Amino acid sequence: MTDTVTLTVDSPADFHVHLRQGDLSKLVTPHVRQGGFVLAYVMPNLKPPITTTDMALKYKSDLEAIDPEVEYLMTLYLSPELTPEEIRKASAAGIVGVKSYPRGVTTNSDGGIESYEPYYPVFAAMQEVGMVLNLHGEVPSNPDTACPDTVNTTILNAEQTFLPWLHRLHAAFPRLKIVLEHATTRAAVDAVKACGETVGCTITAHHLELVVDDWAGQSWHFCKPVAKTYDDRRALREIIQQGHPRFFLGSDSAPHPPESKSVSTPSQPCAAGVYTSPILLPLVAQLLGSFGALERLEAFVSGNGRKFYGRPAKVSKPVTLQKTTEHSTIAEVYECSGAKVTAFWAGKALDWRISSP
């Protein structure tokens, strides 16, 4: 006989996910719903990146052809080609946000930005039409002593070094909705709390578990921004425990072929990214339960993000989870049509499983 605990979450929404392209997209896109989610806020860092409304709509159509049951919210990649006119066109077509990647800090960010001031006319148009600015909150590593604002910057302090930009952008565009993506530090949590109601923040599942010791020497846990200290992890957990309404789930689930994650060479590092989509809702339930925040699950994975983005569920789609003493084991590999991915915690046990739908 097993003891079973059941809970229901209404219309889970992942406000930061990578769904890639080609055969890899065909493999990972169904994992959104497999992991318990009915809404996906889709990142634009493809090859080439999604820089126009027409490209975003085509990408959305491709995703809907793979799994039409998920609501896909589309974004544009902030680039020099983006204009206020394109912003207005994108908003009219239902594109929700624009993602900023500092040059070279993460996957497919070679075309990222180096300074924000040239984009102020774009941000003004976004504020006017109600689009969201999604910030990858890091600056590139920089040993150059001639640049005092960013000197001595590495992946360990790249997020904290970025935070003054968050405050400058919020001050310049107080009505512009801004999301600081995948926070990893106490400093980032405090910075968002200090901002007004138009600034939100996503937190990933894996950053609620990992610290720097877990990825140093372990490529499967390496992502950007990297996991930081125990105190930083404690800050992420505490803000969820407190139920702060401007902090919500954005998984940053980032699939890579296993050979690019497990292998590096003297000239090529391993890929940055942790993949959680196929196990996401059970994983988040297990993690929140581990630090006494299970009662915040629905707010964290649905209510807070939907309210910030103004995206209530069109139709309620409850997902039921069960916790039993009969654990399920996470698959070692997922594959389809020659594409393969390995999920976070592969081979480990999960206490929670999705029982419906």
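The structure under discussion appears in the preceding block.
Here we summarise the structure given alongside this text. (Residues numbered from 1 in each chain as written. Predicted model: local features only at pLDDT ≥ 70, side-chain atom pairs only at ≥ 80, totals over all residues. Heavy atoms only, no water.)

**Some remarks on the pairing of strand β7 (residues 132-136)**
Argument step 1. Burial analysis of β7 places 5 of its 5 residues in the buried class, which makes it a mostly covered element.
Argument step 2. The side-chain alternation of β7 yields two buried faces, one formed by Val132, Asn134 and His136 and the other by Leu133 and Leu135.
Argument step 3. When strand β6 (residues 97-100) meets β7, the two strands line up parallel, connected through 4 bridges. Among the inter-strand pairings, Lys99 is bridged to a residue of β7, identified as Asn134.
Argument step 4. Here β7 pairs with strand β8 (residues 177-181) via 5 bridges, running parallel. Its bridge partner being in β8, Leu135 is matched across the sheet by Leu180. (Buried < 20%, exposed > 50% of the residue type's maximum accessible area, 1.4 Å probe, protein only. Helix = DSSP H or I, 4+ residues; strand = E, 2+ residues; numbered from the N terminus. Pairing = 2+ DSSP bridges.)

**Some thoughts on the packing of aromatic side chains**
Argument step 1. Across all of its chains, the model carries 17 aromatic pairs by this definition.
Argument step 2. Ring geometry for Phe15 and Tyr309: centres 4.6 Å apart, planes at 10°, overall stacked. In this pair, Phe15 is assigned in strand β2 (residues 13-17) and Tyr309 in helix α12 (residues 297-309), connecting sequence segments 294 residues apart.
Argument step 3. Following the ring pairs from residue to residue traces out a cluster consisting of Tyr116, Tyr119, Tyr120, Phe123, Phe162, Trp165 and Phe173. (Phe/Tyr/Trp six-rings, centres within 6.5 Å; stacked < 30°, edge-to-face > 60°.)

**Digging into the nonpolar core**
Argument step 1. Of all hydrophobic cores here, the largest spans 96 residues; its most connected members are Phe123 and Leu166.
Argument step 2. Counting residues per element, this core draws most heavily on helix α11 (residues 280-290), which supplies 7 residues.
Argument step 3. One finds Leu39, Tyr41, Tyr77 and Phe248 within the second-largest nonpolar core, a separate group that totals 14 residues. (Core = buried A, V, L, I, M, F, W, Y, C linked by side-chain atoms within 4.5 Å.)

**A short note on unusual backbone geometry**
Argument step 1. The residue after Lys47, namely Pro48, is reached through a cis peptide bond having omega -5°.
Argument step 2. In this structure, Pro48 sits in the loop between β3 (39-42) and α3 (53-66).
Argument step 3. Residue Pro225 is reached from Lys224 by a cis peptide bond, and omega for that bond is 0°.
Argument step 4. Within the fold, Pro225 resides in the loop between α8 (212-215) and α9 (230-241).
Argument step 5. Its identity is not glycine, yet His182 carries a phi of approximately 40°, on the positive side.
Argument step 6. Located in the positive-phi region is Trp345, a residue other than glycine, with phi close to 65°.
Argument step 7. The residue Trp345 is located in the loop between β13 (339-341) and β14 (349-356) in this model.

**A closer look at the pattern of salt bridges**
Argument step 1. By the definition in use, this model includes 11 salt bridges.
Argument step 2. Residue Asp23 pairs with Lys26 through a salt bridge whose shortest N-O separation is 4.0 Å. Placement of the pair is Asp23 and Lys26 together in helix α1 (residues 22-28), with a separation of 3 residues, close to one helical turn.
Argument step 3. You can call Lys26 partly exposed: its relative accessible area is 47%.
Argument step 4. Note that Arg186 and Glu238 form a salt bridge whose closest N and O atoms lie 3.5 Å from each other. Of the two residues, Arg186 is situated in helix α7 (residues 186-194) and Glu238 in helix α9; the sequence distance between them amounts to 52 residues.
Argument step 5. Among the residues examined, Glu238 registers a relative accessible area of 27% and is labelled partly exposed.
Argument step 6. A network of salt bridges, in which partner residues are shared, links Arg186, Asp231, Arg234 and Glu238. (Salt bridge = Lys/Arg side-chain N within 4 Å of Asp/Glu carboxyl O.)

**Here's the deal with α3**
The periodicity of an α-helix, 3.6 residues per turn, causes residues three or four places apart in sequence to face the same way.
Argument step 1. A rise of 1.5 Å per residue sets the reference length of α3, with its 14 residues, at 20 Å; its end C-alpha atoms lie 20 Å apart and thus fit the reference within 8%.
Argument step 2. Within α3, the full set of buried residues consists of Thr53, Ala56, Tyr59 and Leu63. Considered in projection along α3, the buried side chains sweep an arc of 125° and stay on one side of the axis.
Argument step 3. Looking at the buried residues of α3, the elements they touch are α1, β3, β4 (71-73), β5 (75-77) and α4 (84-92). (Expected span 1.5 Å × (residues − 1). Arc of directions from axis to C-beta. Contact = heavy atoms within 4.5 Å.)

**A word on the sheet that holds β3**
Argument step 1. Within the open sheet, the 3 strands sit side by side as β2-β3-β4. Their pairing is parallel. Across the chains shown, the open sheet's two edge strands, defined by having one partner strand only, are β2 and β4. On average, each strand axis in the sheet is inclined to that of its neighbour by 20°, with strand direction left out of account.
Argument step 2. Of the pairings in the sheet, the one linking β3 to β4 comprises 3 bridges and is parallel in character. When the sheet's bridge partners are listed, Ala40 is paired in β4 with Tyr72.
Argument step 3. Its contacts with the sheet put α12 on β2 and β3, and the angle it makes with β2 is roughly 70°. (Axes fitted to C-alpha atoms, helices over the stretch in contact; angles between N-to-C directions.)

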